[in-house]
Amino acid sequence: GNSVTQMEGPVTLSEEAFLTINCTYTATGYPSLFWYVQYPGEGLQLLLKATKADDKGSNKGFEATYRKETTSFHLEKGSVQVSDSAVYFCALSERGATNKLIFGTGTLLAVQP
Amino acid sequence: EAGVTQSPTHLIKTRGQQVTLRCSPISGHTSVYWYQQALGLGLQFLLWYDEGEERNRGNFPPRFSGRQFPNYSSELNVNALELEDSALYLCASILGGTIYNEQFFGPGTRLTVL
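Everything numeric in this text was worked out from a predicted model, so none of it was measured.

A. Inspection of the overall build of chain A at higher detail. A count of helices and strands for chain A gives 0 helices and 12 strands. Each helix and strand of chain A, ordered N terminal to C terminal, gives the series β-β-β-β-β-β-β-β-β-β-β-β. In summary, chain A has a C-alpha radius of gyration of 13 Å against a globular reference of 13 Å for 113 residues, a match within 12%. With respect to the principal axes defined by its C-alpha atoms, chain A has extents near 45 × 30 × 20 Å.

B. Quick look at the interface of chain B and chain A. Every contact between the two is made by 18 residues of chain B and, on the other side, 20 residues of chain A. Counting each side, the surface lost to burial between chain B and chain A is near 1600 Å², with a carbon and sulfur contribution of 56%. Counting every contact that joins chain B to chain A gives 0 salt bridges. Of all elements in the fold, only strand 4 (31–38), strand 5 (42–50) and strand 9 (87–94) of chain B reach the threshold of two or more residues within the side of chain B that touches chain A. Partitioning the side of chain B that touches chain A into residue classes produces 12 nonpolar, 5 polar and 1 charged.

C. How the structure looks around the side chain of B:Ser74. As for its placement among the helices and strands, B:Ser74 is situated in strand 8 (residues 74–78). One polar contact links the side chain of B:Ser74 to the main-chain carbonyl oxygen of B:Arg67, over a distance of 3.0 Å.

D. Inspection of the packing of aromatic side chains at higher detail. This structure, assessed with the given rule, holds 14 aromatic pairs over all chains. Seen from their ring centres, A:Phe103 and B:Tyr35 are 5.6 Å apart, and the 85° between their planes marks the pair as edge-to-face. Residue A:Phe103 is located in strand 11 (residues 102–103), and its partner B:Tyr35 is located in strand 4; the two belong to separate chains. For the pair A:Phe103 and B:Tyr35, one class covers both residues: buried. Between B:Phe60 and B:Phe64 the ring centres are 5.3 Å apart and the planes differ by 65°, which places this aromatic pair in the edge-to-face class. The burial state of B:Phe60 is the same as that of B:Phe64; both residues are buried. An aromatic cluster is present here, built from A:Phe34, A:Tyr36, A:Phe89, A:Phe103, B:Tyr33, B:Tyr35, B:Phe45, B:Trp48 and B:Phe105 joined pairwise through their rings.

E. Looking closely at the state of the cysteines. Under the definition given, this model contains 2 disulfides over all chains. Here A:Cys23 engages in a disulfide with A:Cys90; their sulfurs sit 1.9 Å apart. When the S-S torsion is -70°, as for the bridge of A:Cys23 with A:Cys90, the disulfide is left-handed. Here the residue A:Cys23 occupies a position in strand 4 (residues 23–26), and A:Cys90 occupies one in strand 10 (residues 86–94), the gap between them amounting to 67 residues. Using a relative accessible area of 1% as the deciding quantity, one classes A:Cys23 as buried. Looking at A:Cys90, the relative accessible area reads 1%, which means it is buried. Covalent S-S linkage joins B:Cys23 and B:Cys91, the inter-sulfur distance amounting to 1.7 Å. On the S-S bond that ties B:Cys23 to B:Cys91, the torsion sits near -55°, and the link is left-handed. Pair noted here: B:Cys23 is in strand 3 (residues 19–24) and B:Cys91 is in strand 9, with a separation of 68 residues, a long-range link.

About the cut-offs
- Residues numbered from 1 in each chain as written.
- Chains lettered and ligands numbered in written order.
- Predicted model: local features only at pLDDT ≥ 70, side-chain atom pairs only at ≥ 80, totals over all residues.
- Heavy atoms only, no water.
- Helix = DSSP H or I, 4+ residues; strand = E, 2+ residues; numbered from the N terminus.
- Rg over C-alpha atoms; globule rule 2.2 N^0.38 Å.
- Contact = heavy atoms within 4.5 Å.
- Buried area = accessible area lost by both parts, 1.4 Å probe.
- Salt bridge = Lys/Arg side-chain N within 4 Å of Asp/Glu carboxyl O.
- Nonpolar A, V, L, I, M, F, W, Y, C, P; charged D, E, K, R; others polar.
- Polar contact = N/O pair within 3.5 Å; in protein donor to acceptor, adjacent residues only side chain to side chain.
- Phe/Tyr/Trp six-rings, centres within 6.5 Å; stacked < 30°, edge-to-face > 60°.
- Buried < 20%, exposed > 50% of the residue type's maximum accessible area, 1.4 Å probe, protein only.
- Disulfide = S-S within 2.5 Å.

The structure is reproduced here in structure tokens:
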């Protein structure tokens with residue numbers, strides 16, 4: 001079945017450090033890929049998405065590229081801020097099927113000043 | 001434009017009781033998804049409603065059920081509560097027919113079962 005494997009956390013970084021959170025997936029067909037962020041005490045917010053191979057999603061300085069050949073969708077940011085501290089979820093959805101999201105386990109990011 | 005809303009925010013119940021959670025999708029969205037975020041288990045798909053019908057359910061027992069109303073709002077019912085039902089329950093809505101299947105999430109209802 002479809003699945004998402006995500007880098008284990010927690011990840012602790014200093015402000016302005018470079019961030020990478022690895023995400024790989026297993027899926028039949030051509031899934032859409034997403035990164036969601038969950039700030040403390042809140043629900044999920046869509047951070048970025050990519051709907052086909054080689055697409056790059058970007059938002060708020062975060063980027064991720066849909067790599068079909070490596071079945072990956074790694075999240076990167078060049079310079080993290082304390083306000084980026086949150087849990088990040090990688091997810092996939094098979095377009096045209098149920099559209100349900102299959103999530104990775106989440107990665108807790110803690111950015112220290 | 002208002003986002004997805006959920007009520008109540010928090011809920012405390014005891015084992016064996018029943019609970020109803022509510023979700024109002026974004027205006028114009030016709031599909032509603034329910035997810036459970038339990039500690040240590042991550043986010044799990046529960047149910048999908050579209051145009052008033054249950055379209056798909058995840059690997060949960062039948063005591064998890066729900067419905068969708070003509071205005072596209074939705075209820076999630078959980079009967080015979082068990083301790084492991086303690087979780088954050090998230091509702092998401094989607095614009096039906098879109099090929100980009102982006103789901104918008106509500107803030108969630110935190111259920112504690114004692």
